[in-house]
Every structure is written in C-alpha cells, then in structure tokens.
Amino acid sequence: VESLCPYCGVGCQLTYQLEGNRIISVVGRDGPANRGRLCVKGRFGFDYIHHSHRLISPLVRKDGVPKLAEDYVDPGNPYTHFREATWDEALDLAAAGLARIREQHGGQALSGFGCAKGSNEEAYLVQKMVRTGFGTNNVDHCTRLCHASSVAALMETIGSGAVTAPFSESVNADVLMVVGANPTENHPVAATFFKNAVKAGAKMVVMDPRGQTLKRHADYMIQNKPGTDVAVLNALMHVIVQENLYDEEYVQSRTDGFEELRVHLLDYSPESMSEHCGIPAGILREVARLYGNAERAMIFWGMGVSQHIHGTDNARCLISLALLTGQVGRPGTGLHPLRGQNNVQGASDSGLIPMVYPDYQPVSDPSAHAFFEEFWGATLNSEPGLTVVEIADSAHEGRMKGMYVMGENPAMSDPNASHVREALCNLEHLVVQDIFLTETAVYADVILPASAFPEKDGTFTNTDRRVQIGRQALDPPGDARQDWWIVQEIARRIGLDWNYDGPRSIFEEMRGCMPSIAGITWDRLCEEGAVTYPCRNVGDPGDPIIFGDGFPTPDGRGKLIPVNIIPPDEVPDEDFPMVLTTGRHLEHWHTGVMTRRARVLDELEPEAVCEISPADARRLGIVPGAWVRVTSRRGVIELKARITGSTPEGLVFIPFCYSEAAVNLLTNAKLDPFGKIPELKFCSVRLEEIDFPRVSAPQ
C-alpha cells in the first residue's frame, strides 16, 4: 500500500508491504521529498502499531480512583485505574463532562489539543469542534513548542508563516546556512539533499552550539555560545551592510526599514560581538562575505533558533539576512524553517492555532470572523485563545476545568512537566484520544482508542507546503476507531449537527474556506500523490517557490526589523552552573510513544542518556555509562552519562523521548512574548554522579 512516513516534516513517500493484517516491511518510493530515500525511523519504525500496549477498547476511570501528579500506570496493564466501557458509554461520558463545564462555567473553561501527527482533516475537525462546540478559541497543538516563534516572525515580516521554497532547492544554491538545526538526526532525508548540494559545489555554513555530523560537509562550523544567536546574526548583517554586500535594488524596491536597521547594526561589529558569542571576529567576517557574495543562498533553521524567549528575534534576524541580500523568490534561494512533525505544517494551516482560523485568518479580524460564522453556521468567539503553556497554567490555577486531547502528550512534551501534570490533575474532566496509554492519558477520565497512521486515509502537508495523500494500509486493532469518527461523535453529543462520511468530505469543506488549497482536489491527490500549495484554482500546478514578485503584506514589501540582544531567562550560577538543552535522537522521535515501541529503534537506543563533554566528564570524575543526577530549579532526573566530543564544555544535552528520565521535568516554561513558545533550549542545571538510580526505569 502506497502511503507516507509518519515521523518528521520531510514527508517521505513509502510503500507498506503487508502480510495479512500486519506490516512486515517498508520501502521508499520516488516521492518529490525523498526520491526513494528513507531514514532509520521511516524504514524500521513501523511495528509500533502491532505493539501489545495498543489501546483496543474505550476506558473510563474507576470510581474513587484519584489523580496524582506522580502517578504511573503500566501501559501494558491500564486496568489499575481504568475499566473497559462500550463506545456509547465512553462517548456519552466524554461529551457530557465537556457539555456540563460549558454550561456551568462557559466556553473559556474548556480547551482542546489537536495532533500534528494526525491528518489535515482531523486537525480541521478538532479546531472546528472547539470553536463551534466548546465556544472558545482555546485550541492549540505542538507547533507552540516547535516553530511558533518562527511563524510569528515570518507573518510579521513577509506576511506568510510557511517556507518560501522546498528543501530540494538546496541543490540549486551556492550557499546553504543551517542554523539551530541538526538535520542528520532530525530530518535525515533532507540532510542528504544538503550533502548532495555540497558535493555538487555549494558551500555550507552550520551554526549550532552543539557539534553535529553535518559539520563534516560544512565549510564553516559556528559553535557559538548557547543563547547568542542574535549576536552572531547581527554581526553578519553588520559586515554585509558596511561592505555593501547587500542587494541595494532589492532592498529599495521590496523592503521597508533599511535605514533603521543600518543604524542599529553599527553597534554589532564582529569585533564587539566576538567575546559575547565565542566566535572569532575573522570567522564572522568570512561567513558574512560568503553569504553576502552568493548569487543564490538558502537558510534552514530548526528549534535551536525557535525555542528561546528570544526565538522570534532569532527568526527576525534570519529573515532580515535573506531580505538584505535578495535571497527570496528565486530558484536556489529562500527561508525554510524545518518542521518537526509529519503534519505540523498542515495542522497549523488547518487552524489548530488559538489566534487564527484555517489559512491563518485572524480570529480578531471582523471579516474573517464574519466569514467563518456564516461558513460554519455558528456563533464564534472573537478573542484569541490560550496557547499550550497558558492552558496548563490556567488549569493549574483552577480556571481551566475541562480539556480534550487528541494525540498530544503534554505531560511529556511541555516544559516544567511537574507543573503540567499537577495541572492535568486539577481538571474536572479530561478526555484523551490516543493509540497508547501515554503519560498524559494516565490523568484522563475517559480514554478513546484511536487509529495509528497506517490505519487511516487522509492528507498531510510536509515542511515544503506539499499536500500529500496517506492511504490506509490495515484496520485498527480491536475496537479502536478512526480519529475523525471519534471527533464527530463527540461533536454530535455536544450539540453539533455533523454528518461527514470520511476524510474526503472533510477535505472538500476545507477547500471552501482555505484559499491556499482551493485548487487541490481529492481525486488529483489520489492520482498525483502530492501537490504544493498555494494552489488556488483547479488545474493550477502549485507553486513551490513563492514571493518572487512581492510578499502578501498590505504593501507587498518585506519588513527589516532591528533586534537587540536579550539574555536567556535563566543563566548559570554557582548553584546551577551548566546549561541544559534538549532535542531528539536519530532513532527516536518526539516523546517516544511510537519509536520506543518499535523493536529495531528501541534496540538501537534503548535507554535514557545525558550527553556531556570530555572536559566536564574529567572535571566531575564521570566515566561513560555512569549514573548521574541532573537537577534544575524545577525538578530532578537520573540517567546514564554519554561522553561525546560534539557537546561543548558547560553544556548538557538530553533527548526528551524517555519517560523514565523526562527532561521536561527540568525545562523552563518562560515564554517568548511574541510566539509564546517556551525556552526549551536553555535552562540552568547541576550535574553530579550517583552510585545507582533512585527509581528503576519502567519496563
């Protein structure tokens, strides 16, 4: 069965090979994003769907069983706290609790999390149910923990939150800049295109406090001090402006704010920034000249840019760098935030964001508000809703009473996870729809067993703005049901007159309110497999490279925005002398719900590790494999040490996929004021060796 990979935002096309009702292997197809290539997750990370932990019947919490923040339920034996229920009983209980809170406390006491792993159609239904059924815009998903700050900066400066060109355009570039991203681990197939470009003669600059294997292919590896991205990028722009390497004609005809930016950059010479960021001034000048003299250049960035309290500022700098040099709108040029999950782009496009309707139409815009009230036949709230972290805070304070969670795992993915788990306990009613008993589902009142990726049809939009069709390969196990069906059944029970008969009918409705995909038909996707938006009219080819003739801003011009240096919210001190940063392993993904139940992937990386530098290991007397305790102002975890030369002195790296050493128990929930994304990439910690773990890891 021809379908897609369920993991990162690259959107690889693949073929499931079946025997009976089981997937036995996966092979890559010649899709536009992968050209037959697959990474280790795409090739071997499929058998989680057959795992014994799959939820196969609805569950409801047993009477009298309390919710405790430190609680743990064996995912293989969920009946400790729950009992089986029929679908009618579970759906009735789920909907009744939500409706009761709506009537007693109003819609603002309710919220919903959709899923970036689900389809566009599922995301659309979730946000529509929250808005028209709950009566609130309190709906969000993991984009808030991914590229919310990037989208905020892109919308502000060029009027669009998506990429301006696909990553495959890297083969047409002279210079590639990869900033705050580790593509060989997080987007491995995209990384092969970057390597191909270098082999064909392109120059590459990698900028990341951590070392990474992509540096083997780079002309410059900029390992700046953590949290100093603005200093580096302002220094590069200083050189480009002072040495007249900017595109004067482009700046005058296509941008606003140059003079203000020019004056601002006078204080950011490489010499004045060198000590602050830890990069020699000469190297900063060489990199600036390389980028400034390029005929065609692309910038790629990841969550090392976005997950800071100054994440929006980081992205503003990258955008200004591209606009100064006219590196947008032509082959081999562009701005590309590499999206983390397989459908985080599509879920965002579909309106799974608290301040915008589908296609990024602001809920506070009177014309957009009026359009969707008529389109959906409902009275809508015009106030932007709460974001992921704000919803948790509201629940912790007792203002948020009920929540519906489809496929997300905030008890693992959100910062300051102890606070989040306490917040989940405070809810009067929590409904979780998922394929496993996740760390979040432990706190549910009703658990609804859903369909995994290979068990559903739907459309998914990759990091390139490419809408692709995913096809159902096999049936869900037991009494698990399709996600769209579950959402519709809850919607009906809270008073909505919904009558969809499948993903195709939902997609047709989406085309009516999303101009960007209006020209993409379901039949065309089934025939072609992929169409890139914007595609506004049936028959349009789609537009992979955009903004060659201006930007979708009111005046068609891009904005150059000066940015000052803002320190991280929490800096090292005597009590917490090291910096913690988080991320992913090549073999594991997100909170590990899927990949840690994939046999080959879990055998490759079976246990939680903390990566530290050889210098820190010598200083602390830590040997490889030793147990260490990592402590922040918010929590403590214990795990094994891995000593690696890619980690600089003073930095600790921990993946966030291990429930037995959940790194987000440590991280800081302080928000970027614009994108409202938390500072997951920087907090202060203390590291010490211990003789043995305090708590044994769950099996």
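The rules behind these values
- Residues numbered from 1 in each chain as written.
- Predicted model: local features only at pLDDT ≥ 70, side-chain atom pairs only at ≥ 80, totals over all residues.
- Heavy atoms only, no water.
- Pairing = 2+ DSSP bridges.
- Helix = DSSP H or I, 4+ residues; strand = E, 2+ residues; numbered from the N terminus.
- Axes fitted to C-alpha atoms, helices over the stretch in contact; angles between N-to-C directions.
- Contact = heavy atoms within 4.5 Å.
- Phe/Tyr/Trp six-rings, centres within 6.5 Å; stacked < 30°, edge-to-face > 60°.
- Buried < 20%, exposed > 50% of the residue type's maximum accessible area, 1.4 Å probe, protein only.
- Lys NZ or Arg CZ within 6 Å of the ring centre and 35° of its normal.
- Parallel < 35°, antiparallel > 145°, perpendicular 65-115°, else oblique.
- Left-handed = near helix turned anticlockwise from the far one by under 90°.
- Nonpolar A, V, L, I, M, F, W, Y, C, P; charged D, E, K, R; others polar.
- Arc of directions from axis to C-beta.
- Core = buried A, V, L, I, M, F, W, Y, C linked by side-chain atoms within 4.5 Å.
- Lys, Arg positive; Asp, Glu negative; His and termini not counted.
- Salt bridge = Lys/Arg side-chain N within 4 Å of Asp/Glu carboxyl O.
- Polar contact = N/O pair within 3.5 Å; in protein donor to acceptor, adjacent residues only side chain to side chain.

Peer 1: How do you make sense of the sheet that holds strand β8 (residues 175-179) when you look at a structure like this?
Peer 2: The parallel open sheet is built from 5 strands, whose spatial order is β10-β9-β8-β12-β13. In this open sheet, the two edge strands, each paired with only one partner strand, are β10 (220-222) and β13 (334-337). The average undirected angle you get between the axes of adjacent strands in this sheet is 15°. Pairing geometry for β8 and strand β12 (residues 297-301), over 5 bridges, is parallel. Along β12, the bridge assignment pairs V175 with A297. Packing of helix α6 (residues 188-199) onto the sheet brings it into contact with β8, β9 (203-207) and β12, and relative to β8 it is tilted by some 145°. Lying over the sheet, helix α13 (residues 311-324) contacts β8, β12 and β13, oriented at roughly 170° with respect to β12.

Peer 1: Teacher, can you tell me more about the sheet that holds strand β3 (residues 22-28) here?
Peer 2: The strand order β1-β2-β3 describes an open sheet built from 3 strands, whose pairing is antiparallel. The sheet is open, and its two edges are formed by β1 (2-4) and β3, each paired on a single side. For this sheet, the mean angle separating the axes of adjacent strands, direction not counted, is 45°. Note: β1 against strand β2 (residues 13-19), 3 bridges, orientation antiparallel. Counterpart to E2 in the pairing with β2 is T15.

Peer 1: Which parts of the structure should I look at to understand the packing of aromatic side chains?
Peer 2: Each aromatic ring pair is characterised by the separation of its centres together with the angle its planes make. The final tally for this structure, using the stated rule, is 15 aromatic pairs. On the basis of an interplanar angle of 35° and a centroid distance of 4.8 Å, the ring pair of Y246 and F258 is categorised as tilted. Residue Y246 is found in the loop between α7 (229-242) and α8 (248-254), and its partner F258 is found in helix α9 (residues 258-265); the two are separated by 12 residues along the sequence. Looking at Y246, the relative accessible area reads 17%, which means it is buried. The exposure class assigned to F258 is buried, which follows from its relative accessible area of 16%. Taking 5.6 Å as the distance between ring centres and 75° as the angle between the ring planes, the aromatic pair formed by W498 and Y500 counts as edge-to-face. A single burial state applies to W498 and to Y500, both of which are buried. By way of ring pairs, the aromatic residues Y124, Y357, F371, F372, F375 and W376 are connected into one cluster. Against the face of F193 rests R37, its NZ or CZ located 4.5 Å from the ring centre. Its guanidinium or amino end placed over the ring of W485, R481 lies 4.8 Å from that ring's centre, counting from NZ or CZ.

Peer 1: Teacher, can you tell me more about the packing of α7 against α9 here?
Peer 2: A pair of packed helices is characterised by two quantities: the angle between their axes and the separation of those axes. In the contact formed by α7 and α9, the axes pass within 9 Å of each other and the chain directions differ by 110°. On the basis of their axis angle, the class for α7 and α9 is roughly perpendicular. As α7 packs across α9, the resulting crossing turns out to be left-handed. Across the interface between the two elements, N234, M237, H238 and V241 of α7 pack against F258, R262, H264 and L265 of α9. Partitioning the contact of α7 with α9 into residue classes produces 4 nonpolar, 3 polar and 1 charged.

Peer 1: What is the right way to read the pairing of strand β28 (residues 683-689) from this model?
Peer 2: Regular strands place side chains that alternate from one sheet face to the opposite one. Inspection of the sheet shows strand β23 (residues 578-583) paired to β28 by 3 bridges, in the antiparallel sense. The residue bridging V579 from the neighbouring strand is S684, located in β28. Bridge analysis of strand β25 (residues 627-631) against β28 gives 4 bridges, and the strand direction is antiparallel. For V630, the partnering residue across the bridge sits in β28 and is L687.

Peer 1: Please explain the environment of I677 as it appears in this structure.
Peer 2: Examined against the element boundaries, I677 turns out to sit in the loop between β27 (651-655) and β28. Residue I677 is classed as buried on the basis of its relative accessible area of 0%. Separated by 368 residues in the primary sequence, I677 and I309 place their C-alpha atoms 7.2 Å from one another. Beyond its immediate chain neighbours, meaning those up to four positions away, I677 contacts R144, L145, C146, H147, A148, S149, S306, Q307, H308, K670, L671 and D672.

Peer 1: Looking at this structure, I do not really get helix α15 (residues 366-376). What am I missing?
Peer 2: Because an α-helix completes one turn every 3.6 residues, residues spaced three or four positions apart along the sequence face the same direction. Along α15, the positions that sit buried rather than exposed are A368, H369, F372 and W376. The buried residues of α15 occupy one face: seen down the axis, they fall within an arc of 100°. Opposite the packed face of α15, turned more than 90 degrees from it, sit the exposed residues P366, S367 and E374. Summarising the contacts, the buried residues of α15 are in contact with α3 (120-134), β14 (356-357), β15 (361-362) and α20 (503-513). After α15 finishes, the residue G377 shows a positive phi value of roughly 60°.

Peer 1: Looking at this structure, I do not really get the packing of α3 against α20. What am I missing?
Peer 2: Put simply, α3 and α20 touch, their axes get as near as 9 Å, and they point 65° apart. As summarised for this structure, α3 and α20 are arranged roughly perpendicular, according to the angle between their axes. Crossing angle aside, the handedness with which α3 passes α20 is left-handed. Across from N120, E121, Y124, L125 and K128 in α3, the residues of α20 making contact are P503, I506, F507, E509, M510 and C513. A per-class count over the contact of α3 with α20 returns 7 nonpolar, 1 polar and 3 charged.

Peer 1: I'm lost on the nonpolar core in this one. Help?
Peer 2: Buried together is how nonpolar side chains tend to be arranged in soluble globular proteins. Ranked by size, the top nonpolar core spans 104 residues in total, and within it Y48, M129, Y404, L448 and I520 carry the most contacts. Considering each element in turn, this core owes the most residues, 8 residues, to helix α2 (residues 87-105). When neighbours within four sequence positions are excluded, Y404 is seen to be in contact with S111, G112, F113, V126, M129, F134, V431, Q433, V487 and I490. In terms of nonpolar packing, the next biggest core, distinct from the first, is built from 55 residues, L265, V287, L318 and L321 among them.

Peer 1: Any chance you could explain the side chain of D672 here in plain terms?
Peer 2: Within the fold, D672 resides in the loop between β27 and β28. Although buried, D672 forms no salt bridge, and the nearest oppositely charged side chain, R316, lies 7.0 Å from it. Here the side chain of D672 touches T312 through a polar contact of 2.9 Å, landing on its backbone nitrogen. Within the structure, the side chain of D672 is placed 2.8 Å from the backbone nitrogen of G675, a separation counted as a polar contact. Apart from the residues lying within four places of it in its own chain, the contact partners of D672 are S149, H308, I309, H310, G311, T312 and I677.

Peer 1: What exactly am I supposed to notice about the environment of I279 here?
Peer 2: Mapped onto the fold, I279 is located in the loop between α10 (270-277) and α11 (281-292). Separated by 204 residues in sequence, I279 and D483 place their C-alpha atoms 49 Å apart. Sequence-distant contacts of I279, defined by excluding residues within four places in its chain, comprise I222, Q223, N224, S274 and L284.

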